[in-house]
Structures are given as C-alpha cells and as structure tokens.
Amino acid sequence: MKPDESPSLKEAIRSAIWAQTLTAEQLALVEATTFEVFIPKGGFVCHKGEVVDNWIGIISGMVKMNNFSPSGKSVTFTGVPPGGWFGEGSLLKDERRRYDAMTLRDSRIARMPAPTFHHLLENSLPFTRFLLMQLNERLGQFIGMVENERLLDPDTRVARCLASLFNSHLYPGIERLVQISQEEVGLLSGSSRQRANQALQVLEKEGLLRVDYGGIRILDLEGLRRFEA
DNA sequence: TCATTAAATTGTT
DNA sequence: AACAATTTAATGA
C-alpha cells in the first residue's frame, strides 16, 4: 500500500489536458491563484443560485451535479470524475449557478478564480479550444441522455451512464476505477439501486467491468459505449 | 500490530 | 422495501 496515491494540487493542475498547452507564464499564474479545498462526503461543492466566481476541478473523489425539483425530489444530471473540470458555462455567461454540486466521496477540489479563467480565455487559443471541445462533448452527452431516458432499457442506460463519466473529458488519467456505490449508480442512471445492481451484474458477465466493494472497475470502455441489451 | 465493534455496502428475497 | 452477508473503518489494548 502506498501512503497517498492522490496527486498534489500542483500535479493535478499540470496533468490537466488544458494545462499542457499553456505558456510558462500562464501556468505560473494558474498555480499562483488556484487553491484547494477539502470537502467531505455528502458536502456541497457549490450551490444553485450562488454567484459563480470559480472554475472547479476535481483532484480526487467524485462529484455529482444535481437539482431538487419543487417537490423535493433530487434529479441527478451527471457525475464528474477526478481530472474533470466544470462550471465554465455559468462563468462564461456571467450568470448564477444553475445546479448544485455535491460530493459522493471525500473529495479534494481545485478552484480557479474567475479573473485567472478569463485571462486564459483571452490569451490562450488552445485553452479556448479546449473549452469549446468540452462544451461540445457535454452537449452530445446531454442529447444522449434524453435519448437514453426514453428509449433504452435499464441495462443499457447504466452502461452508457458509466461510459459518460469518462466521455466528457478525454481522460488522461488511465485510472478506470469509479469510486461510487451501486446506490449512486442508480441515481446517476435514473433507476433503482436493485435495478442498477442487476444491470452491473449483466455488464460484469459481458466482461465490460468488474464490481468491487464501493466501486467499479471499467475494463472495456468502448464496449460499454456500444452495449445494447 | 492485532482483535473487537460499528458502519457502510452489497446480494438476495 | 426489507433482510442477511460481506467489507471497510474505527477503537482500544
């Protein structure tokens, strides 16, 4: 066992896809202004309606975006794995946040202040290109989600849902371990826990993943994307 | 470091 | 939805 396998803030920043193309000065600015916060399991990373002043990255742990319907029911949109960054939508439009984000595990969160974000946006074309790509990816993901919710059976929904955790960003970390419980898989895929459990066992038999205690190992990402019952 | 206990998660009915 | 079995985390010697 290693004492600590999660990266430091600096390492997390440097390994981010968008950081690869920055100049030394830009990278220095990012490292000087971005800070880290720890949020325990079940805590809020940010709240719906608050003023957006950070771009948010996941160093370790897992975060889900969700809202509460007027009746108090929670609707989960998507999960964000380590290495993922989000919040650029509201940051670009200068509006208040439109969703809650809460942690599914103890998580370490990086926050990049809005001025730094806008500086990169104005001075780094590769950074802008990365954002454009990320927005496009996410659009495709949400279109797929609407389709899934209405057309596909539960097994396939769970498969696509897990695949989308890696789809939204071009995963640099080869870490294919998703640390979420089956109950949370159910929430993410819009089905009950026992149905999610059933689906996971089907997918495991197909050799696409392996179920572990408190998490899931992805063995065949492409297979998950293409899976049909 | 090891044993005991509590809590969380999973598989099954 | 409820139960039992299994795994992890916590506590104390």
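Residues numbered from 1 in each chain as written. Chains lettered and ligands numbered in written order. Predicted model: local features only at pLDDT ≥ 70, side-chain atom pairs only at ≥ 80, totals over all residues. Heavy atoms only, no water.

## Structural notes on the layout of surface pockets
By volume, the second largest pocket is sized at about 760 Å³. As for the second largest pocket, its lining consists of 29 residues, and the residues nearest its centre are M145, V146, N148, E149 and L188. Contributions of two or more residues to the lining of the second largest pocket are made by β5 (74–80), α5 (125–151), α6 (154–167) and α7 (182–189). Among the elements that take part in the lining of the second largest pocket, α5 stands out by supplying 10 residues, more than any other. Split by residue class, the lining of the second largest pocket holds 10 nonpolar, 12 polar and seven charged. (1 Å grid on protein atoms, 1.4 Å probe; cavity = no way out; pocket = protein on both sides within 12 Å on 5 of 7 lines; lining within 4 Å. Points joined across faces, edges and corners; volume = space filled by probe spheres on them. Helix = DSSP H or I, 4+ residues; strand = E, 2+ residues; numbered from the N terminus. Nonpolar A, V, L, I, M, F, W, Y, C, P; charged D, E, K, R; others polar.)

## Details of the nonpolar core
Core analysis: the biggest nonpolar cluster contains 24 residues, and L162, L203 and L224 have the highest contact counts within it. Secondary structure elements with two or more residues in this core: α6, α7, α8 (193–205), β11 (215–218) and α9 (221–226). Dropping the residues within four chain positions of it, L203 is found in contact with D155, V158, A159, L208, L209, L224 and F227. Counting 22 residues, the second-largest nonpolar core is a separate cluster that includes I13, A19, L27 and W55. (Core = buried A, V, L, I, M, F, W, Y, C linked by side-chain atoms within 4.5 Å. Buried < 20%, exposed > 50% of the residue type's maximum accessible area, 1.4 Å probe, protein only. Contact = heavy atoms within 4.5 Å.)

## Details of the packing of helix α4 (residues 114–123) against α5
Running from amino to carboxyl end, α4 crosses α5 at an angle of 105°, the nearest separation of the two axes being 5 Å. Here α4 is positioned roughly perpendicular relative to α5, judged by the angle of their axes. Taken together, the residues of α5 that come into contact with α4 (itself represented by F117, L120, L121 and N123) are L125, F127, T128 and L131. When its residues are assigned to classes, the contact of α4 with α5 shows six nonpolar, two polar and no charged. (Axes fitted to C-alpha atoms, helices over the stretch in contact; angles between N-to-C directions. Parallel < 35°, antiparallel > 145°, perpendicular 65-115°, else oblique.)

## Looking at the protein's contact with DNA strand C
As a structural note, the neighbourhood of DNA strand C is formed by R193, Q194 and Y213. Across the atoms of DNA strand C situated within 4 Å of the protein, the share located in sugar and phosphate is 46%. Contacts to DNA strand C include Y213, whose side-chain N or O atom sits 3.2 Å from a base oxygen. (Near = heavy atom within 4 Å. Polar contact = N/O pair within 3.5 Å; in protein donor to acceptor, adjacent residues only side chain to side chain.)

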